[in-house]
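Per-entry structural report
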Amino acid sequence: MADKNNQQFVKEIADIKSDFPQWYTDVVLKTQLVDYGPVKGTMVIRPYGYGIWENIQRELDNRIKATGHENAYFPMLIPYSFLMKEAEHVEGFAPEVALVTHIGNEELPEKLVVRPTSETIIGNMYSKWIQSWRDLPVMINQWANVVRWEKTTRPFLRTSEFLWQEGHTVHATEEEAQAETLKMLDVYQEFAENVLAIPVIVGKKSEKEKFAGAKSTYTMEAMMLDGKSLQSGTTHNLGQNFSRAFEIQFLDKDGVLKHPYQTSWGVSTRLIGALIMAHGDERGLVLPPMVAPKQIIIIPIAAFKGGVLEKAQELRQLLLASGVRAEIDNRDQSPGWKFNEWEMKGVPARIEIGPRDIESDSCILVRRDTHEKKVISLNNIGATIVAELKDIQANMLEKSRKFRDSHIVICETVDELKQAVDSGNFVKAMWCGSRECEAKIKEQTSATTRCMPFDQTPVGTKCIVCGKEIKNCEGYVAYFAKAY
RNA sequence: UGAGGUGUAGCGCAGUUUGGUAGCGCGCUUGGUUCGGGACCAAGAGGCCACGAGUUCAAAUCUCGUCACCUCAACCA
């Protein structure tokens with residue numbers, strides 16, 4: 001386990017703001033969340049990193065089921081012809097799909113794609129499953145891996161293969177589909193804020209940024225510590241695009257054969273990247289208690305002295321009984337070494353227990369988020385720790401929210417916008433909605449349209465680019481930022 | 001694909017200018033002393049110097065070629 005050069009690591013991450021991607025990569029690798037795979041852009045998620053994903057999965061799966069969805073599984077290999085059925089979809093995905101063309105030495109009669117997303121194969125099945133209005137809605141979710149051959153990759157943020165959850169629903173009416181699209185965005189937002197402690201900005205994607213094949217796409221955008229935006233989850237209203245392409249039809253109550261309306265929505269292992277970059281500090285990761293694989297690490301001091309280890313084990317049992325994920329680090333290393341190791345890995349709090357504490361029936365608690373150190377009594381320790389973890393979770397969200405809110409700038413000119421995004425801010429501005437103006441901003445500032453928030457209270461009267469008057473809902477309030 | 005850079009021990013690097021047969025730090029192993037913020041002593045293990053072909057008595061080092069990776073640009077639900 002203890003096989004990394006930590007001193008070097010601390011030096012490397014000393015200046016977090018000036019070289020964020022490097023810091024990020026180092027944190028990811030040195031904390032042993034992930035390893036590079038043998039194929040370019042693939043990653044091996046190590047047990048500690050996977051532990052985070054398991055907690056994310058559990059919490060999110062509960063929420064997905066609570067909103068009426070069921071889990072299912074569809075094949076990884078999809079006939080290439082399926083992908084071609086929806087024009088925008090194939091155009092969007094074809095450049096980055098991996099193809100299976102041979103089995104052994106024999107060429108396949110039809111190429112297969114390794115799924116980049118499952119709308120097509122699921123659409124194909126839905127066309128067989130759905131006949132009547134009584135079959136609707138269909139509310140299915142899948143936990144799976146997908147492959148997208150991006151040109152450049154970064155661990156967790158953009159990898160050739162990643163794990164995700166994709167929901168695919170079918171509804172009788174357009175209204176129901178739109179309601180589902182917005183409901184799942186709500187679920188994602190609540191999850192991001194209460195579980196990941198990451199406040200997000202939600203809204204609608206521009207035409208340019210929407211999902212290939214969707215009628216409209218909604219997003220939650222999270223601000224990273226360097227002021228760049230990370231698209232952390234999306235929900236799509238697919239309209240009838242796929243139901244027409246895959247000939248999904250149902251006989252409605254009125255006796256008319258209709259194409260149903262569909263949605264899809266997903267979040268991925270990218271969320272782990274979001275956690276790292278939204279909460280990390282100069283010592284490494286900071287994980288919110290809800291997703292931390294270990295919530296409390298107990299470090300025995302002078303464990304070779306009689307009674308210390310026994311006391312630590314007793315303490316751990318008390319915490320386990322209170323539902324706290326607690327572990328003892330009894331490795332043969334100095335205490336200081338262990339403190340740094342577990343801080344780097346982001347464990348929300350640690351407990352030190354040594355001969356002095358045992359005498360006074362207490363222990364020392366050190367929080368990862370505030371570095372606060374205090375003596376706590378061993379009496380009723382389970383309840384004390386549960387409350388403390390709850391406070392850490394809340395404090396992390398609060399801290400992130402303050403950071404985000406203080407890095408949103410309202411701008412009225414492109415120059416202002418450029419300066420603001422260059423110094424690590426999100427920009428809120430008026431936009432006429434034209435593709436030309438959107439393209440100009442990207443060209444001149446390298447910032448992109450992140451979303452049009454639901455709250456459209458105007459922050460000006462003219463388009464930030466072309467200066468056109470915006471009135472009567474002809475334009476939008478939009479967020480702009482550099483993005484990962 | 002455009003421009004630049006790097007390949008030497010598990011990780012990070014020095015050595016290349018001026019050719020002489022392999023080094024440093026961390027990590028790892030063993031034994032001992034330690035343990036409340038990255039402990040110390042001693043003894044060890046570990047390398048086809050990216051690959052290939054030249055030049056030379058002699059190549060990590062010089063020449064030519066190949067491959068891989070990284071950064072920036074471009075691309076990126």
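Residues numbered from 1 in each chain as written. Chains lettered and ligands numbered in written order. Predicted model: local features only at pLDDT ≥ 70, side-chain atom pairs only at ≥ 80, totals over all residues. Heavy atoms only, no water.

**A word on helix α7 (residues 174-194)**
Taking 1.5 Å per residue as the helical rise, α7 with its 21 residues ought to reach 30 Å, and the 30 Å between its terminal C-alpha atoms agrees with that figure. Within α7, burial applies to Ala-177, Glu-180, Thr-181, Met-184, Leu-185, Val-187, Tyr-188, Gln-189, Phe-191, Ala-192 and Glu-193. (Helix = DSSP H or I, 4+ residues; strand = E, 2+ residues; numbered from the N terminus. Expected span 1.5 Å × (residues − 1). Buried < 20%, exposed > 50% of the residue type's maximum accessible area, 1.4 Å probe, protein only.)

**Quick notes on the environment of Arg-401**
Mapped onto the fold, Arg-401 is located in helix α13 (residues 381-405). Along the chain, Arg-401 and Lys-373 lie 28 residues apart, while their C-alpha atoms are 24 Å from each other. Dropping the residues within four chain positions of it, Arg-401 is found in contact with Glu-193 and Pro-199. (Contact = heavy atoms within 4.5 Å.)

**Observations concerning the packing of helix α3 (residues 47-66) against helix α9 (residues 270-279)**
Interhelical geometry of α3 versus α9 gives an angle of 110 degrees and a closest axis separation of 10 Å. By the angle class used here, α3 and α9 are roughly perpendicular. Taking contact as the criterion, the partners of Gly-49, Ile-52, Trp-53 and Ile-56 in α3 are, on α9, Leu-271, Ile-272 and Leu-275. Its residues assigned to classes, the contact of α3 with α9 comprises six nonpolar, one polar and no charged. (Axes fitted to C-alpha atoms, helices over the stretch in contact; angles between N-to-C directions. Parallel < 35°, antiparallel > 145°, perpendicular 65-115°, else oblique. Nonpolar A, V, L, I, M, F, W, Y, C, P; charged D, E, K, R; others polar.)

**Some points on the environment of Glu-314**
Looking at the element boundaries, Glu-314 is found in helix α10 (residues 308-321). Taking C-alpha positions, Glu-314 is 10 Å from Leu-378, a pair spaced 64 residues apart along the chain.

**Details of the side chain of Gln-262**
If you trace the backbone, Gln-262 turns up in strand β14 (residues 261-268). Looking at Gln-262, the relative accessible area reads 5%, which means it is buried. Setting aside chain neighbours within four positions, we find Gln-262 in contact with Tyr-126, Thr-169, Val-170, Ala-177, His-236, Asn-237, Leu-238, Gly-239, Phe-242, Ser-243 and Ile-248.

**Things to note about the pairing of strand β21 (residues 426-431)**
With respect to burial, β21 is a largely interior element, six of its six residues being buried. Burial along β21 is two-sided: the face carrying Phe-426, Lys-428 and Met-430 and the face carrying Val-427, Ala-429 and Trp-431 are both buried. Handedness of the crossover joining strand β20 (residues 408-410) and β21 through helix α14 (residues 414-422) is recorded here as right-handed. Note that β21 and strand β23 (residues 476-481) share five bridges and pair antiparallel. The residue bridging Lys-428 from the neighbouring strand is Tyr-479, located in β23. (Right-handed = clockwise from strand over helix to strand, strands pointing away. Pairing = 2+ DSSP bridges.)

**Focus: the nonpolar core**
One recurring pattern in soluble globular proteins: nonpolar side chains tend to sit buried together. Residues Ile-56, Phe-156, Leu-196 and Ile-276 are the most contacted members of the largest nonpolar core, which totals 60 residues. The element best represented in this core is α9, accounting for seven residues. Setting aside residues no more than four positions away along its own chain, Ile-276 makes contact with Trp-23, Tyr-24, Val-27, Val-28, Leu-33, Phe-156 and Leu-285. Judged by nonpolar contacts, the second largest core, of 25 residues, contains Tyr-80, Tyr-126, Leu-238 and Phe-246. (Core = buried A, V, L, I, M, F, W, Y, C linked by side-chain atoms within 4.5 Å.)

**Things to note about the sheet that holds strand β17 (residues 349-353)**
Ordered by their spatial adjacency, five strands build an open sheet running β16-β15-β17-β18-β19, and the pairing between neighbours is mixed. The open sheet has two edge strands, β16 (326-328) and β19 (373-377), and neither has a second partner. Taken pair by pair, the neighbouring strands of this sheet meet at an average axis angle of 25 degrees, ignoring direction. Bridge count between β17 and strand β18 (residues 362-367): four bridges; the pairing is antiparallel. Looking at β18, one finds that Ile-351 is bridged to Leu-365. Running over the sheet, helix α11 (residues 335-344) touches β15 (296-300) and β17 and is turned about 170 degrees from β15. Where α13 meets the sheet, it contacts β15, β17, β18 and β19, and its direction lies at approximately 10 degrees from that of β18.

**Points about the domain arrangement of chain A**
When cut into domains, chain A gives domain 1 (17-279), domain 2 (296-404) and domain 3 (408-481). Relative placement of domain 2 and domain 3: their C-alpha centres are 46 Å apart. (Domains from an automatic or database assignment.)

**Brief notes about the pattern of salt bridges**
Charged atoms that come close allow side chains of opposite charge to pair. In this structure the tally under the stated criterion is 29 salt bridges. A salt bridge links Arg-63 to Glu-59, with the shortest nitrogen-to-oxygen separation between them at 3.1 Å. Within this pair, Arg-63 and its partner Glu-59 are both found in helix α3, separated by four residues, close to a single helical turn. A salt bridge links Glu-341 to Lys-345; the shortest N-O distance between them is 3.8 Å. The exposure class assigned to Glu-341 is buried, which follows from its relative accessible area of 4%. Connected via shared salt-bridge partners are Arg-367, Asp-369, Glu-372, Lys-374, Glu-388 and Asp-391. (Salt bridge = Lys/Arg side-chain N within 4 Å of Asp/Glu carboxyl O.)

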